[in-house]
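Chain by chain, the residues run as shown.
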Amino acid sequence: MLLVSAAWCHAEPVRAEPAPDESCDHYVAREEREFLAEHPGATPAELERYLAGERRECVVEGTTDSGRAEDYETTTRSGAATSEAVPQSSTRVERRDIEERMPRSSPDALRYEPGVYVQQTAQSQGSAYIRGVTGQQTVMLFDGIRLNNSLYRQGPNQYFFTVDSHSVASIDVTRGSGSVLYGSDALGGVIEAHPIEPALAEGLHGLRLSPRTTLRAGTADDEIGGRFELDGQIGDRLGFIGGVGYRDVGLLESGGQIHDSVSKVYSGGERELVPRYAADGRTQLGTGFREATEDARLVYRLGEDTRAVLAIYDYRQFDAPRTDKCPPPFAPAGECLTYEEQFRALGYLALDTDLGRFARGARVGLSLQRQRERRRMDRPASIVDPQYGRDTVLTPGLTLRARTSPFRLWKRASAAIAYGIDAYRDDVSSVAWYEVHTERNDMLVYDSRGQYVEGSSYTWGGAFANLETTMWERLHARAGVRGTRIVAFSPEEPGSETSEIDRGWTSFVGGGGLAWDALPGLTITVNLDQGFRAPNLDDLTSRQQAGPGFQFENPDLVPERSVTLESGVELQRGPLRLAAWGYRMTIDDAMARRVATPEDCPKESQDCRGSWFAYQLMNLEGTAEVVGFEGLAWTRLPLGFSARATVAYARGDGPNPASRPEGSATDWEERVPLSRVPPLNGTVELLWRAPAVGVYLGAGLRWAAKQDRLAPQDEGDARIPLGGTPGYAVLDLRAGYRLGRRLGLALVAENLGDAAYRTHGSSVNGPGRSLMLSAELGL
């Protein structure tokens, strides 16, 4: 070991260059893996010296890992819990991508990622489908802290919208099961947002302050907003960055209406699609919202390998109608479900450090998250108007993640172990009330329970270990295991005939993979991973409006369990990067909605009995399956041009949640499509950049084929046209100019063809032909 170290210390290492479309974080992780394969006996200090040089080399067109065009170097830390030996299908959205594409939200920022398809139940919401699943079946993280809680509902949800895209430096999307590393829910993939960091300059004395103001406007929805941000440093140890923002968004104008391709008449009248439109036939009612954001991040450098982080992120959204319920189908125009408050606040304290060969790149974090949701249902024709609900969940959390220094297995094989523990607890408060108006008086009446049961809790903790090995320099392997214990509790509530729930699940999952560097720049990978998702409080206890009807509780659900087999080929040669992945995911005991009758509804739930459709979650008897592929191509062309293209397809089916009707003459099928699985879709981007003068020009095309594989519940969903969601192609143009920190201008001409379109399962159509503008001033 000493001879190897001495030989390396006196040799000049040959430094590679980042591959096309490769972030600095990914490049440094790749260099670390290759260095450890060549020098399995190297000490952590030797490794860090080498990587420090790689970080200095990894500066692409003057942009740091924080995504800002800064004058100061920032140091990033490779994730201690991610597998560096065997890749999964993953991509990263950088800060520069966000600034140039100008997405309307953090979910919107993922629209150009392969295998990701963004559904919108409302203009103020967005849910990313990964490999055909979304919501509870994917895990969302912010700086390594889990955002998912036990109130996340089945199907698409709005919660990643509460991550302010202005505070994000990058977003990583990992496709495929992540349950070994991240526990329950990570069946389809993991989305992790990384926050912007203060720029810490070594050797600085005194105070540095760098203010920045960003203004933004859009014509499709009369958006107007902005953010003030302050980046600063005191001495050479303490850095801070924070900001405040506000946005006011009006009614969204689309390219036109979407229509059913077949006709059907229900007992309530002729079929109606949502949303409803203003007299111009383009402006969508039930859209618009306001939001306010604030964040602050302190980073204190305790030593060469150690830093402490204290951070707070607060998001507040006001008066956001749920478009498919504003108004619902067949309802009068004044009926509307509005989220008066959609708040999320996250605070945490983290320590990043190296603790020797058994805990390299360690992070210990304590977090506290508060999610608050207040709803108002207006029904002007009813004496009960309006109805209110408020749900709050408070979630303290603890995380510990680290990895060992590499150790030698035999002469040509080295290994390292990534490991960690995590624990979270949700404490739930839920109330519901309504106003009653009569000729004699008005009354305020509280229901016996809210959407959930007051005093419910959900506790889970787990531990994992992931062994990563490199053999003969070209073969990489990983094998990991996780154990998790989850306990769900909901007290009895006699007034609503709600029974007590006190259930627990213990789960063990494993996974592994092999990667072979067949040729320089060519890697072939095979992964096999288990996943699981325990039923949460929303599944077990909720009574709520859900898409096409009303969903009530099922306290007898059992966990979903998945197995994902995937294989991928990645090529990185000069200015070209190609990646193609195919996969098959099977899910046992998958949860799906079954259509219920009014007699099945809880006796005290008038909302359930009065809905057009009633639903209850159930575990399917048999195995559901999602198969598909995704691909990515990126190349750097002459004269400052670059091009990027993606494609993805998923096909899902499972056991029919409806029982076989009596008699043989029926259209009943034993297996049916899974709900709201995205169609074949993809993107194409062409970009020209002139770094010397700070100018860029670009074009982006998003397209999707028609989706006519509908689940039985989709056929009654007013968000999905009868006959299927039409295909579309939407072309955007982009242009911008940047002068270092001092000035940034961006323009996006959206939907040049003024196409009338919506992503499958959405309540709102996409914006029509419009402009988005952004101006940034800084010092």
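Note that the structure is predicted; figures quoted are calculated from it, not measured.

**Some points on the overall build of the protein**
Phase 1 of the analysis: Along the protein, the regular secondary structure elements total seven helices and 40 strands.
Phase 2 of the analysis: By the burial criterion, 59% of the 779 residues in the protein qualify as buried.
Phase 3 of the analysis: In the protein, the share of contacts with a sequence separation of at least 24, taken over all contacts with a separation of at least 6, comes to 69%.
Phase 4 of the analysis: Carbon and sulfur atoms make up 58% of the accessible area of the protein, which totals about 31,000 Å².

**Thoughts on the state of the cysteines**
Phase 1 of the analysis: Tallying each qualifying case throughout the model produces two disulfides.
Phase 2 of the analysis: A disulfide bridge connects C326 with C336, and the sulfur atoms are separated by 1.9 Å. One disulfide, between C326 and C336, carries an S-S torsion of -95° and so falls in the left-handed class. Of this pair, C326 sits in the loop between strand 16 (307–321) and strand 17 (336–353) while C336 sits in strand 17; the two residues are 10 residues apart in sequence, bridging distant segments of the chain. Per residue, the accessibility class of C326 equals that of C336, and both read buried.

**Topic: unusual backbone geometry**
Phase 1 of the analysis: The peptide bond linking V274 to P275 adopts the cis configuration, its omega dihedral lying at 0°.
Phase 2 of the analysis: Within the secondary structure, P275 sits in the loop between strand 13 (269–270) and strand 14 (283–284).
Phase 3 of the analysis: Here D385 and P386 are connected by a cis peptide whose omega angle stands at -5°.
Phase 4 of the analysis: Relative to the assigned elements, P386 resides in strand 19 (residues 384–403).

**Regarding the pattern of salt bridges**
Phase 1 of the analysis: One pass over the structure, following the stated rule, counts 58 salt bridges.
Phase 2 of the analysis: Across the pair D143 and R363 runs a salt bridge whose closest N-O atoms are separated by 3.3 Å. On the criterion of sequence distance, the pair formed by D143 in the loop between strand 4 (138–142) and strand 5 (145–146) and R363 in strand 18 (residues 360–378) is long-range, its members being 220 residues apart. Taken individually, D143 and R363 each receive the classification buried, so the pair is uniform in this respect.

**Remarks on the environment of E100**
Phase 1 of the analysis: By secondary structure assignment, the location of E100 is in helix 4 (residues 95–101).
Phase 2 of the analysis: Taking relative accessible area as the criterion, E100 reaches 9% and is therefore assigned buried.
Phase 3 of the analysis: Taking the C-alpha atoms as reference, E100 lies 6.5 Å from A746; in sequence the two are 646 residues apart.
Phase 4 of the analysis: Sequence-distant contacts of E100, defined by excluding residues within four places in its chain, comprise L687, R689, Y696, R734 and V748.

**So, the pairing of strand 8 (residues 207–218)**
Phase 1 of the analysis: On strand 8, burial follows the alternation: R208, S210, R212, T214, R216 and G218 on one face are buried, whereas L207, L209, P211, T213, L215 and A217 on the facing-out side are not.
Phase 2 of the analysis: Sheet topology places strand 8 next to strand 9 (residues 223–234); 12 bridges connect them, and they run antiparallel. Within strand 9, the residue paired with L215 across the bridge is G226.
Phase 3 of the analysis: Between strand 8 and strand 9, which pair antiparallel in sequence order, lie four residues; one of them, D222, sits at a positive phi of approximately 55°.
Phase 4 of the analysis: The pairing of strand 8 with strand 40 (residues 770–778) spans seven bridges and is antiparallel. Bridge assignment links G218 to a residue of strand 40, and that residue is M772.

**Things to note about the packing of aromatic side chains**
The description of an aromatic ring pair uses the distance of the two centres, along with the angle that the planes make with each other.
Phase 1 of the analysis: Taken as a whole, this structure holds 11 aromatic pairs when the rule is applied.
Phase 2 of the analysis: Geometrically, the ring pair formed by F142 and Y313 is edge-to-face, given 4.7 Å between the ring centres and 65° between the ring planes. Here the residue F142 occupies a position in strand 4, and Y313 occupies one in strand 16, the gap between them amounting to 171 residues.
Phase 3 of the analysis: Aromatic side chains F161 and F289 sit 5.8 Å apart centroid to centroid with 80° between the ring planes, which places their arrangement in the edge-to-face category. One end of the pair, F161, is in the loop between strand 5 and strand 6 (168–175); the other, F289, is in strand 15 (residues 289–301), and 128 residues separate them in sequence.
Phase 4 of the analysis: By the ring-pair criterion, three or more aromatic residues cluster together here, those being F142, Y313 and Y348.
Phase 5 of the analysis: Over the face of the ring belonging to F343 we find R316, whose NZ or CZ atom lies 5.0 Å from the ring centre.
Phase 6 of the analysis: Lying across the ring of Y112, R734 places its NZ or CZ 5.1 Å from the centre.

**Describing the sheet that holds strand 1 (residues 89–94)**
Phase 1 of the analysis: Across the sheet, five strands lie side by side as 1-6-7-4-5; this open sheet has mixed pairing. Strands with a single pairing partner mark the edges of an open sheet, and in this sheet they are strand 1 and strand 5.
Phase 2 of the analysis: Where strand 6 lies against strand 7 (residues 189–195), seven bridges are found, and the strand directions are antiparallel. Following the sheet pairing, D172 is matched in strand 7 by E192.

**Focus on the sheet that holds strand 31 (residues 591–596)**
Phase 1 of the analysis: Taken in spatial order, the four strands make up an open sheet running 27-28-32-31, and their pairing is mixed. A single partner strand is all that each edge strand has here, and the edge strands are strand 27 (544–546) and strand 31. Pairwise comparison of adjacent strand axes, ignoring direction, gives a mean angle of 45° for this sheet.
Phase 2 of the analysis: Examined bridge by bridge, strand 28 (residues 549–552) and strand 32 (residues 614–619) share three bridges and lie parallel to one another. Counterpart to Q551 in the pairing with strand 32 is Y615.

**Re the nonpolar core**
Nonpolar side chains tend toward joint burial in soluble globular proteins.
Phase 1 of the analysis: Formed by 49 residues in total, the largest nonpolar core has its most connected members in L110, F142, F160, I171, I191 and Y348.
Phase 2 of the analysis: One finds M585, I587, A592 and A624 within the second-largest nonpolar core, a separate group that totals 13 residues.

**A short note on the pairing of strand 38 (residues 728–739)**
Phase 1 of the analysis: Relative to strand 38, strand 37 (residues 695–704) runs antiparallel, the two sharing 10 bridges. In the strand pairing of strand 38, A704 is matched with Y728.
Phase 2 of the analysis: Where strand 38 and strand 39 (residues 743–750) come together, seven bridges link them in antiparallel fashion. Bridge pairing in strand 39 links L733 to A749.
Phase 3 of the analysis: Here strand 38 folds back onto strand 39, and the loop between the two strands holds three residues, one of which, G740, carries a positive phi near 55°.

**Things to note about the environment of A413**
Phase 1 of the analysis: By the element assignment, A413 lies in strand 21 (residues 413–437).
Phase 2 of the analysis: With residues near it in sequence (within four places) discarded, A413 still touches F407, R408, T470 and M471.

**Quick notes on the confidence of the model for the protein**
As a note on interpretation, predicted positions should not be read in detail where pLDDT is low.
Phase 1 of the analysis: In the predicted model, the protein carries a mean pLDDT of 89, and 87% of its residues have values of at least 70.
Phase 2 of the analysis: For residues 1–16, every residue scores under 50 in pLDDT, and the model assigns this stretch 22 contacts once sequence neighbours within four places are set aside.
Phase 3 of the analysis: Between residues 59–82, whose pLDDT stays under 50, and residues either more than four places distant or in other chains, the model counts 69 contacts.

**Quick word on a nonpolar patch on the surface**
Phase 1 of the analysis: Where nonpolar side chains cluster on the molecular surface, the patch consists of Y300, L302, L351, V364, L366, L398 and I421 and spans about 560 Å² of accessible area.
Phase 2 of the analysis: Tracing the backbone through its elements, the reader meets L398 in strand 19.

**Points about the side chain of N148**
Phase 1 of the analysis: In this fold, N148 is placed in the loop between strand 5 and strand 6.
Phase 2 of the analysis: A distance of 2.9 Å separates a polar side-chain atom of N148 from the backbone oxygen of T138.
Phase 3 of the analysis: The residues touching N148, leaving out its near neighbours within four places in the chain, are G135, T138, V139, M140 and D185.

The rules we used
- Residues numbered from 1 in each chain as written.
- Predicted model: local features only at pLDDT ≥ 70, side-chain atom pairs only at ≥ 80, totals over all residues.
- Heavy atoms only, no water.
- Helix = DSSP H or I, 4+ residues; strand = E, 2+ residues; numbered from the N terminus.
- Buried < 20%, exposed > 50% of the residue type's maximum accessible area, 1.4 Å probe, protein only.
- Contact = heavy atoms within 4.5 Å.
- Areas by Shrake-Rupley, 256 points an atom, 1.4 Å probe, with all protein chains shown as cover.
- Disulfide = S-S within 2.5 Å.
- Salt bridge = Lys/Arg side-chain N within 4 Å of Asp/Glu carboxyl O.
- Pairing = 2+ DSSP bridges.
- Phe/Tyr/Trp six-rings, centres within 6.5 Å; stacked < 30°, edge-to-face > 60°.
- Lys NZ or Arg CZ within 6 Å of the ring centre and 35° of its normal.
- Axes fitted to C-alpha atoms, helices over the stretch in contact; angles between N-to-C directions.
- Core = buried A, V, L, I, M, F, W, Y, C linked by side-chain atoms within 4.5 Å.
- pLDDT = per-residue confidence, 0-100.
- Patch = residues over 30% accessible without salt bridge, like charges linked within 9 Å, V, L, I, M, F, W, Y side chains within 5 Å.
- Polar contact = N/O pair within 3.5 Å; in protein donor to acceptor, adjacent residues only side chain to side chain.

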